[in-house]
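So you can see what is in the structure, the chains are spelled out below.
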Amino acid sequence: MNPEFIKTICPYCGTGCGLIVKVENGRIVGTYPDREHPVSRGTLCIKGWFAHEFVHHPDRLKTPLVRIGNRFEAISWDEAIPLAAEKLKATAETYGGDAVGGLCSAKCTNEENYLFQKLIRMAFKTNNVDHCARLCHAPTAAGMAQTTGSGAMTNSISDLAGADCILIIGSNAAESHPIIMGEIYKAVDKGATVIVVDPRKTAVAQNAAMHLSINPGTDIPLLAGMMRHILDAGLHDAAFIRERMEGFEELKNFLQAWTVERAAGECGIGGDTIRNVAEVYAKAKEAAIVYCMGITQHACGTANVHAVCDLAMLCGKIGRDFSGVYPLRGQNNVQGSCDMGGLPNVYPGYQGVSDPAAQEKFQQAWERDLSDKPGLTLTEMIGGAGKEIRALYIMAENPALSDPDVNHVLESLAKLDFLIVQDIFLTETAKFAHLVLPAACFAEKTGTYTNTERRFQLLRQAIEPPGEAKGDFEILCLLANGLGIDFPYIHPREVMEEIASLVPAYGGVRFDRLERAGLQWPCPDTYHSGTRFLHEHKFTRGKGLFVTPQYTPPFEKPDEAYPYYLNTGRMFAHYHTGTMTRRSPFLNRELEEPYAEIHPEDAQRAGIREGDRIRITSRRGSIVTAARISERVAKGSIFAPFHFTEARANILTNPVLDPISKIPEFKVCAVKVEKEPYENQGR
Amino acid sequence: MLQKVKDITRSILAEKQADGVLGLIRGQWNIIQPHVFDNLRQVDNLVLEPKWLLAKMAMTVLRSSPEGYRLAVIARGCDERALTELVKRNQMEKDRLLTIGIACSKEQAEICLCQRPYPEKLDAGEPVAGVDPFADETTRDLLVGDSRARMEKWARLLKRCIKCYGCRNSCPICVCIPCKLEDEVWVETGVIPAEMISYHLIRAFHLSDTCVACGACQEACPVHIPLVALQRSMREALRQVYGYEAGLDTEMRSPILYDLFKKPAAGQILPDWINSLENDNES
């Protein structure tokens, strides 16, 4: 009769805040912040406060669905699992295992992601497994692995409160990672200087001491200009470079070409601004660099990450408390899904599939022959759908909204012989599926998430899944058994023990050790209390490496036909493809309809007034949305959030890829804007 | 103090004075969280720290409970005052609510700048003296002195607002349905920061005669806006001018509702530090 309060972890962003859900008669009726949580300490953002609202939404999937012609029909699990297994097996037999691909999920637990990649790798002897990290921090994983040896945030979130200077590049943390922004304000209250680099005057920029509105995609010139000035002024940390770094000569040679004035010209800001910012950063006792999608979602995303790391290492501001490099991960478990080997080139713990020793280790552990050939990335799998990829298994991902050039994505999905989508709602992607499997949401299962500061945290089941929906853990075990693979697990805890036995850095992680405050990896053994910051005495790769960041300007620049830059991003009340937030009444009331921001002068010239319906067109397609006239965007730029299915900003975006990490250039493309004719204004 | 609270809790449950007791439990692995105690065995794991405001939870528990259900709440001074205020405003039935009053420590009182770190109905613990919030430098900085400089300070702080609604959600007294902060006439949707006047001042004034200065709003604020300070002037003005303080008993009526046009009880002169409008007019 009495309600129960159950501690768990927020399902939205990578901050990983603590929630307490209130359960009455098997239903979640409220959310409270967890005062004792090491990260959020009794606070939540709007999404967290209303995280319970989508859980009991009537749209939740409750039975497996099979496509019959143009409609879906409910079937039982006893039919669904054999059907899935048979179709996947048939595809592999006809076209080879490499014709099967799988997208695991940054929304699912570590255990589920581990099982997912294990299933794909074992059953089909392919490494075609990837997920949406490809679309957010793949450049971080690749770039920071090269420079430091570890593609993860170097420090802890709470360290930000102790920094004297915080350089925020391409992150609107106030809307996307609000609780982390709170730590930054703690530093501000103690006197820290916050410098924001963003083409847009975001909420973060409005609250900063300095805002550098650089031209889109000119992060490398800015960082190179700063480094050049730091070198010229002798503000670099020579001892740190001598003892702990390699590649300094190459960096110096590279910087020869980047005078501050040249950088300033590229960025569209003054040279003195660059000098000033460089000095504030270099002279601060403890300086942190926070970055996010503004750095990574470019065709030179990996090089951008190199440049960020180079700056931190040049000034020796890494490998200790407070200073460091802070990539803010987007999804609740995107750190974990990468850690668990949900990537086409690595096994769990970033052990390379082409490394014979790693291959041998996993072959022995899993008792199967494994492929040593790196698999296809998400963008390649979608692009190759119907060609080299014949069957795709998607767990809780929504590429029909999240991938660039989605018109092309939809065409590709339609070409697949067999598409399985496992999700909690019938997403835009699931509508293309041949088989839909109903899954459990965060409140209905047990497992672990790893947040952006590498903290394994325990997700506790509060209620049962609706109807016949099952946890992804259970579905994966059933499907594995259907494919003739023995997944004998009864509880996710056993999977974590297996992971710990295979990945040295997670060797000490056990469910019971996570109960109170979680554990930050590396945590090599069960006596180890976790690691607050990385690279203390030596970098994970030994010496730190300066990698010269090769500058590639954005592939599309405004021209006569498409005179505006388009920048895509997020707003505070919605989350990614809106599957959950748009079904949450309180969040949806905050913003029910899509919009695009346009500068007042541009709007005036085009005869556009607030709220007008406008058509935005790129070389790939067009969307119709409402105009929001705002000085937050620079002149000549448009901003559109990508949460909305009725105006998918990703119809417009450019699918050109970063050569190393294969991330698409979401942040920059060229568009034109027209006011819709009167009859379409809907007034 | 803890033992005494446990004893009282046990006797309340044993004598069926209440169907549940809302307090904090220390679970396995040292996890502390709110809990509705309904059996004697669980009471062994009852704890009193940290300060974790329970009045809002108590209200939601009572609201969704069946008729005749009675709840006891382990209440600090501020929790008790919030509950009293809710009863006074007909948000809770008095007969369905019991409190087990506990006193706060001196340290806690200093953290909260609490003027009354103990409940009126004290069951356990030794009460300590209240703290004068206006002696605190940070508070004075925000409330006393040049009004323009203060305005700039507040504007800078309030501009941080990420519109999480945490101040409203956590406030034990914020119970209106519908809420003015959800009215698009007043608060623009879809943008941050929330506007200073229409969001923060509506909220603050709406609570002017009900705020018990429990600090729940401030503790829930991710961007560290000193929200309690925003209420202190009004609370102090009501105290000085009308001798009124929210949440002390269920009989004392708010002067804003009843006595505003009557002669104030304690003279007519406003303290000079809240008299900022006049300063503006002079300058």
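Residues numbered from 1 in each chain as written. Chains lettered and ligands numbered in written order. Predicted model: local features only at pLDDT ≥ 70, side-chain atom pairs only at ≥ 80, totals over all residues.

Caption draft 1: Just the overall build of chain B, in detail. Tallying secondary structure elements over chain B gives 11 helices and 5 strands in all. Taking 19 Å as the expected radius of gyration for a compact globule of 283 residues, we find that chain B reaches 20 Å, a close match to that expectation. The C-alpha extent of chain B, read off along each of the three principal axes, is 65 × 45 × 35 Å. The buried share of chain B, reckoned over its 283 residues, is 41%. Restricting the contact set of chain B to residue pairs at least 6 apart, pairs at least 24 apart contribute 61%. (Helix = DSSP H or I, 4+ residues; strand = E, 2+ residues; numbered from the N terminus. Rg over C-alpha atoms; globule rule 2.2 N^0.38 Å. Buried ≥ 20, exposed ≤ 12 C-beta atoms within 10 Å, placed from the backbone. Contact = placed C-beta atoms within 7 Å.)

Caption draft 2: Seen up close, the overall build of chain A. Broken down by element type, chain A carries 24 helices and 30 strands. For 683 residues, the compact-globule estimate of 2.2 N^0.38 gives 26 Å, and chain A sits close to it at 24 Å. Dimensions of chain A, computed from C-alpha atoms along their principal axes, come out at roughly 70 × 70 × 55 Å. Out of the 683 residues belonging to chain A, those deemed buried represent 64%. Considering only residue pairs separated by 6 or more positions, chain A has 73% of its internal contacts joining residues 24 or more positions apart.

Caption draft 3: Representation of the sheet that holds strand 8 (residues 165-169) of chain A in the model. Residues and elements named next belong to chain A. If you trace the 5 strands from one edge of the open sheet to the other, you get 10-9-8-12-13, paired in parallel fashion. The open sheet is flanked by strand 10 (210-212) and strand 13 (324-327), the only strands paired with a single partner. Strand after strand, the sheet turns through a mean of 15° between neighbouring axes, direction not considered. In this sheet, strand 9 (residues 193-197) lies alongside strand 8 in parallel orientation, the contact comprising 5 bridges. The partner of Ile-169 across the bridge, within strand 9, is Val-197. (Pairing = 2+ DSSP bridges. Axes fitted to C-alpha atoms, helices over the stretch in contact; angles between N-to-C directions.)

Caption draft 4: Highlighting the pairing of strand 17 (residues 418-423) of chain A. Residues and elements named next belong to chain A. Burial analysis of strand 17 places 6 of its 6 residues in the buried class, the great majority of the element. Across the two faces of strand 17 the burial is the same, with Phe-418, Ile-420 and Gln-422 and Leu-419, Val-421 and Asp-423 all buried. Alignment of strand 17 against strand 18 (residues 435-438), held across 4 bridges, turns out to be parallel. Directly across from Gln-422, in strand 18, lies its bridge partner Leu-437.

Caption draft 5: The environment of Ala-75 of chain B, seen in detail. Residue and element names in this part refer to chain B. Along the chain, Ala-75 turns up in strand 4 (residues 71-75). Along the sequence, Ala-75 and Leu-48 sit 27 residues apart, while their C-alpha atoms lie 9.6 Å from each other. Among residues more than four places away in sequence, those in contact with Ala-75 are Glu-80, Leu-83, Thr-99, Ile-100, Gly-101 and Pro-119.

Caption draft 6: Main features of the packing of helix 4 (residues 138-147) of chain A against helix 14 (residues 301-314) of chain A. All names here are of chain A. Running from amino to carboxyl end, helix 4 crosses helix 14 at an angle of 45°, the nearest separation of the two axes being 8 Å. When the axis of helix 4 is compared with that of helix 14, the two are oblique. As helix 4 packs across helix 14, the resulting crossing turns out to be right-handed. Residues Pro-139, Thr-140, Ala-142, Gly-143, Met-144, Gln-146 and Thr-147 of helix 4 lie in contact with helix 14, whose contacting residues are Gly-301, Thr-302, Asn-304, Val-305, His-306 and Cys-309. (Parallel < 35°, antiparallel > 145°, perpendicular 65-115°, else oblique. Left-handed = near helix turned anticlockwise from the far one by under 90°.)

Caption draft 7: Representation of the interface of chain A and chain B in the model. The partner chain B presents 34 residues to the 37 residues of chain A that form the contact. Of all the secondary-structure elements, those providing two or more residues to the side of chain A that touches chain B are strand 1 (4-9), strand 2 (18-24), strand 3 (27-33), helix 1 (46-49), helix 5 (173-176), helix 6 (178-189), helix 7 (203-206) and helix 23 (585-590) of chain A. Here the side of chain A that touches chain B takes 7 residues from helix 6 of chain A, the largest share from any one element.

Caption draft 8: Here's a closer look at the sheet that holds strand 20 (residues 455-459) of chain A. Residues and elements named next belong to chain A. Here 3 strands make up an open sheet; going across it, the order is 19-20-21 and the pairing antiparallel. Of all the strands in the sheet, just strand 19 (447-450) and strand 21 (519-520) have a single pairing partner and so form its edges. In this sheet, strand 20 lies alongside strand 19 in antiparallel orientation, the contact comprising 4 bridges. Its bridge partner being in strand 20, Thr-450 is matched across the sheet by Phe-456.

Caption draft 9: Looking closely at the environment of Tyr-69 of chain B. All names here are of chain B. With respect to the helices and strands, the residue Tyr-69 is situated in the loop between helix 2 (55-63) and strand 4. On the basis of neighbour counts, which here come to 15 C-beta atoms within 10 Å, the residue Tyr-69 falls in the partly exposed class. Along the backbone, Tyr-69 and Asp-95 are 26 residues apart, and their C-alpha atoms lie at a distance of 9.7 Å. Residue contacts for Tyr-69: discarding those within four places in its chain leaves Asp-19 and Arg-96.

Caption draft 10: Focus on unusual backbone geometry. The residue after Trp-521 of chain A, namely Pro-522 of chain A, is reached through a cis peptide bond having omega 0°. Residue placement: Pro-522 of chain A occurs in the loop between strand 21 and strand 22 (544-545). Not every positive phi belongs to a glycine, and Ala-396 of chain A is a case in point at roughly 50°. With respect to the secondary-structure elements, Ala-396 of chain A resides in the loop between strand 16 (391-395) and helix 18 (399-402). Among the residues examined, Ala-396 of chain A registers 26 C-beta atoms within 10 Å and is labelled buried. Here the phi dihedral of Asn-90 of chain B falls at roughly 60°; this positive angle occurs in a residue that is not glycine. Following the sequence through the fold, Asn-90 of chain B ends up in the loop between helix 3 (77-88) and strand 5 (97-101).

Caption draft 11: Local environment of the nonpolar core. In this structure, Ile-166, Ile-168, Ile-289, Val-308 and Ile-638 of chain A together with Ala-58 of chain B are the most contacted members of the largest nonpolar core, which totals 312 residues. A total of 9 residues in this core trace back to one element, the largest contributor, which is helix 14 of chain A. Apart from the residues within four sequence positions on either side, Val-308 of chain A is in contact with Ile-169, Leu-223, Ile-289, Tyr-291, Ile-295 and Val-325 of chain A. (Core = buried A, V, L, I, M, F, W, Y, C linked by C-beta atoms within 7 Å.)

Caption draft 12: Inspection of helix 11 (residues 260-267) of chain A at higher detail. All names here are of chain A. Among all positions in helix 11, only Val-260, Ala-263, Ala-264, Glu-266 and Cys-267 are buried. Looking down the long axis of helix 11, one finds its buried residues gathered within 160° of arc, a one-sided arrangement. Turning to helix 11, the residues buried within the fold contact helix 8 (219-232) and helix 12 (271-283). Immediately beyond the C-terminal end of helix 11, within one or two residues, lies Gly-268, with a positive phi of roughly 75°. (Arc of directions from axis to C-beta.)

Caption draft 13: Molecular detail of the confidence of the model for chain A. Here chain A shows a mean pLDDT of 95. Residues at 70 or above account for 100%. Mean pLDDT in chain A bottoms out at helix 18 of chain A, which sits at 91, and peaks at strand 18 of chain A, which reaches 98. (pLDDT = per-residue confidence, 0-100.)

Caption draft 14: Summary view of helix 10 (residues 227-242) of chain B. Residue and element names in this part refer to chain B. Here helix 10 is 16 residues long and its end C-alpha atoms lie 23 Å apart, about the 22 Å a rise of 1.5 Å per residue gives. The complete set of buried residues in helix 10 reads Leu-227, Val-228, Ala-229, Leu-230, Gln-231, Arg-232, Ser-233, Arg-235, Leu-238 and Tyr-242. Its buried side turned inward, helix 10 meets helix 5 (137-143), helix 7 (166-170), helix 8 (196-206) and helix 9 (216-220). Where helix 10 terminates, the next one or two residues include Gly-243, which has phi positive at roughly 65°. (Expected span 1.5 Å × (residues − 1).)

Caption draft 15: Local environment of the environment of Asp-369 of chain A. Residues and elements named next belong to chain A. Tracing the backbone shows Asp-369 in the loop between helix 16 (356-366) and helix 17 (378-383). Here Asp-369 falls in the exposed class, since 10 other C-beta atoms lie within 10 Å of it. Placed 248 residues apart in sequence, Asp-369 and Arg-121 show a C-alpha to C-alpha distance of 9.0 Å. Setting aside chain neighbours within four positions, we find Asp-369 in contact with Lys-125 and Gln-363.

Caption draft 16: Focus on the pairing of strand 8 of chain A. Residues and elements named next belong to chain A. With 5 of 5 residues buried, strand 8 lies mostly within the body of the structure. Because side chains alternate across strand 8, one face comprises the buried residues Cys-165, Leu-167 and Ile-169, and the other comprises Ile-166 and Ile-168, equally buried. Alignment of strand 8 against strand 12 (residues 287-291), held across 5 bridges, turns out to be parallel. Pairing of Leu-167 across the sheet is with Ile-289, part of strand 12.

Caption draft 17: Fine view of the packing of helix 8 of chain A against helix 14 of chain A. Residues and elements named next belong to chain A. Where helix 8 contacts helix 14, the two axes come as close as 9 Å, and the packing angle between them is 20°. Overall, the two elements helix 8 and helix 14 adopt an arrangement that is roughly parallel. The hand of the helix 8/helix 14 crossing is left-handed. Across the interface between the two elements, Asp-219, Ile-220, Leu-223, Ala-224, Met-226, Met-227 and Ile-230 of helix 8 pack against Ala-303, Asn-304, Ala-307, Val-308, Asp-310, Leu-311 and Leu-314 of helix 14. Residue composition of the contact of helix 8 with helix 14, grouped by class: 11 nonpolar, 1 polar and 2 charged. (Nonpolar A, V, L, I, M, F, W, Y, C, P; charged D, E, K, R; others polar.)

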